[in-house]
Amino acid sequence: QVQLVESGGGLVQAGGSLRLSCAASGRTFRSMGWFRQAPGKEREFVAADTWNGSTTYYEDSVKGRFTISRDNAKNTVYLQVNSLKSEDTAVYYCAASVGVILSPGPARYDYWGQGTQVTVSS
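Residues numbered from 1 in each chain as written. Predicted model: local features only at pLDDT ≥ 70, side-chain atom pairs only at ≥ 80, totals over all residues. Heavy atoms only, no water.

Digging into the packing of aromatic side chains
Per the counting criterion, the structure on display carries six aromatic pairs. On the numbers, 6.3 Å between centres and 65 degrees between planes, the contact of Tyr109 with Trp112 is edge-to-face. When its relative accessible area of 28% is taken as the criterion, Trp112 is described as partly exposed. Over the face of the ring belonging to Tyr93 we find Arg43, whose NZ or CZ atom lies 3.8 Å from the ring centre. Taking NZ or CZ as reference, Arg43 lies 4.8 Å from the ring centre of Trp112, over its face. (Phe/Tyr/Trp six-rings, centres within 6.5 Å; stacked < 30°, edge-to-face > 60°. Buried < 20%, exposed > 50% of the residue type's maximum accessible area, 1.4 Å probe, protein only. Lys NZ or Arg CZ within 6 Å of the ring centre and 35° of its normal.)

Quick word on the sheet that holds strand β3 (residues 18-25)
Spatially, the four strands line up as an open sheet ordered β1-β3-β8-β7, and their pairing is antiparallel. At either margin of the open sheet sits one strand with a lone partner, and together these are β1 (3-7) and β7 (66-71). This sheet shows a mean twist of 15 degrees between the axes of neighbouring strands, independent of strand direction. Sheet analysis places β7 next to strand β8 (residues 76-81), joined by six bridges and oriented antiparallel. By the bridge assignment for β8, Ser69 is matched with Tyr78. (Pairing = 2+ DSSP bridges. Helix = DSSP H or I, 4+ residues; strand = E, 2+ residues; numbered from the N terminus. Axes fitted to C-alpha atoms, helices over the stretch in contact; angles between N-to-C directions.)

A few points about the state of the cysteines
In the structure shown here, the tally under the stated rule is one disulfide. Through a disulfide, Cys22 is tied to Cys94; the S-S separation comes to 2.1 Å. Disulfide Cys22-Cys94: torsion about the S-S bond near -75 degrees, hence left-handed. Of this pair, Cys22 sits in strand β3 while Cys94 sits in strand β9 (residues 90-97), and the two are 72 residues apart along the sequence. Each member of the pair Cys22 and Cys94 is classed as buried. (Disulfide = S-S within 2.5 Å.)

So yeah, pure geometry; function would need other evidence.
Okay, here's the thing in C-alpha coordinates:
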(Lines give C-alpha, C1' and ligand atoms only; values in the text may rest on other atoms or scores of the structure.)
Protein backbone atom coordinates (compact mmCIF):
# COMPACT_ATOMS: atom_id res chain seq x y z
CA GLN A 1 0.00 0.00 0.00
CA VAL A 2 1.37 3.38 -1.00
CA GLN A 3 1.48 6.06 1.67
CA LEU A 4 2.87 9.56 1.92
CA VAL A 5 3.20 10.90 5.45
CA GLU A 6 4.11 14.52 6.05
CA SER A 7 5.57 15.92 9.25
CA GLY A 8 7.41 18.99 10.51
CA GLY A 9 4.70 21.61 10.41
CA GLY A 10 3.98 23.91 13.30
CA LEU A 11 3.60 27.45 14.57
CA VAL A 12 6.51 29.77 13.82
CA GLN A 13 7.10 33.50 13.93
CA ALA A 14 7.54 35.50 10.78
CA GLY A 15 11.11 35.20 9.57
CA GLY A 16 11.48 31.75 11.06
CA SER A 17 12.16 28.39 9.46
CA LEU A 18 10.82 24.87 9.38
CA ARG A 19 11.77 21.65 7.63
CA LEU A 20 8.86 19.65 6.32
CA SER A 21 9.32 15.96 5.61
CA CYS A 22 7.36 13.53 3.48
CA ALA A 23 8.10 9.86 3.96
CA ALA A 24 6.92 7.60 1.15
CA SER A 25 6.27 3.90 1.50
CA GLY A 26 5.06 1.20 -0.82
CA ARG A 27 7.06 2.26 -3.88
CA THR A 28 9.53 4.82 -5.14
CA PHE A 29 8.61 7.86 -7.21
CA ARG A 30 10.29 9.60 -10.11
CA SER A 31 8.90 13.02 -9.21
CA MET A 32 7.70 14.53 -5.98
CA GLY A 33 6.25 17.88 -5.16
CA TRP A 34 4.86 20.12 -2.47
CA PHE A 35 1.62 22.03 -2.65
CA ARG A 36 -0.19 24.20 -0.11
CA GLN A 37 -3.72 25.29 0.57
CA ALA A 38 -4.74 28.25 2.66
CA PRO A 39 -8.27 28.62 4.06
CA GLY A 40 -10.71 29.65 1.37
CA LYS A 41 -8.13 29.29 -1.39
CA GLU A 42 -7.33 26.71 -4.00
CA ARG A 43 -4.45 24.31 -3.61
CA GLU A 44 -1.34 25.87 -5.14
CA PHE A 45 1.98 24.55 -6.30
CA VAL A 46 5.08 25.22 -4.20
CA ALA A 47 7.97 23.10 -5.46
CA ALA A 48 8.85 19.87 -7.28
CA ASP A 49 11.87 17.80 -8.12
CA THR A 50 12.89 14.73 -10.09
CA TRP A 51 14.14 11.44 -8.69
CA ASN A 52 17.81 12.35 -8.57
CA GLY A 53 17.22 15.90 -7.38
CA SER A 54 19.09 17.32 -10.33
CA THR A 55 16.12 19.34 -11.52
CA THR A 56 13.90 21.46 -9.30
CA TYR A 57 11.03 23.83 -9.97
CA TYR A 58 9.62 26.48 -7.65
CA GLU A 59 6.66 28.78 -7.56
CA ASP A 60 7.89 32.35 -7.93
CA SER A 61 6.87 33.58 -4.48
CA VAL A 62 8.99 30.96 -2.70
CA LYS A 63 12.14 31.09 -4.83
CA GLY A 64 15.17 31.81 -2.69
CA ARG A 65 13.28 30.98 0.51
CA PHE A 66 12.18 27.35 0.07
CA THR A 67 14.34 24.40 -0.95
CA ILE A 68 13.14 20.96 -1.99
CA SER A 69 15.46 18.01 -1.55
CA ARG A 70 15.24 14.27 -1.13
CA ASP A 71 16.96 11.30 0.41
CA ASN A 72 16.28 8.35 -1.87
CA ALA A 73 17.76 5.90 0.61
CA LYS A 74 14.99 6.93 3.01
CA ASN A 75 12.40 7.45 0.28
CA THR A 76 11.80 10.87 1.80
CA VAL A 77 11.44 14.33 0.32
CA TYR A 78 11.98 17.51 2.31
CA LEU A 79 10.94 21.12 2.03
CA GLN A 80 13.13 23.58 3.88
CA VAL A 81 11.12 26.74 4.39
CA ASN A 82 13.00 29.86 5.46
CA SER A 83 12.14 33.53 5.95
CA LEU A 84 8.53 32.60 6.52
CA LYS A 85 5.82 35.17 5.95
CA SER A 86 2.24 35.28 7.19
CA GLU A 87 1.07 34.53 3.65
CA ASP A 88 2.88 31.19 3.82
CA THR A 89 0.32 29.98 6.36
CA ALA A 90 -1.38 26.94 4.89
CA VAL A 91 -1.68 23.19 4.99
CA TYR A 92 1.27 21.81 3.09
CA TYR A 93 0.77 18.64 1.06
CA CYS A 94 3.27 16.23 -0.38
CA ALA A 95 2.51 14.72 -3.79
CA ALA A 96 4.20 12.00 -5.79
CA SER A 97 4.23 10.83 -9.38
CA VAL A 98 5.42 7.54 -10.81
CA GLY A 99 6.61 9.41 -13.90
CA VAL A 100 9.11 12.20 -14.42
CA ILE A 101 6.82 15.19 -14.66
CA LEU A 102 8.21 18.20 -12.72
CA SER A 103 4.78 19.79 -12.99
CA PRO A 104 2.88 22.51 -11.08
CA GLY A 105 -0.42 20.85 -11.95
CA PRO A 106 -1.92 18.85 -9.08
CA ALA A 107 -3.76 16.54 -11.49
CA ARG A 108 -0.41 15.22 -12.73
CA TYR A 109 0.40 13.61 -9.40
CA ASP A 110 -0.70 10.11 -8.50
CA TYR A 111 -0.53 10.08 -4.71
CA TRP A 112 -1.05 12.63 -1.94
CA GLY A 113 -0.27 12.89 1.75
CA GLN A 114 -2.67 14.06 4.42
CA GLY A 115 -1.01 17.45 4.90
CA THR A 116 0.83 19.25 7.67
CA GLN A 117 -0.20 22.65 9.02
CA VAL A 118 2.21 25.58 8.88
CA THR A 119 1.11 28.69 10.73
CA VAL A 120 3.21 31.85 10.61
CA SER A 121 2.51 34.49 13.22
CA SER A 122 3.35 38.11 12.52
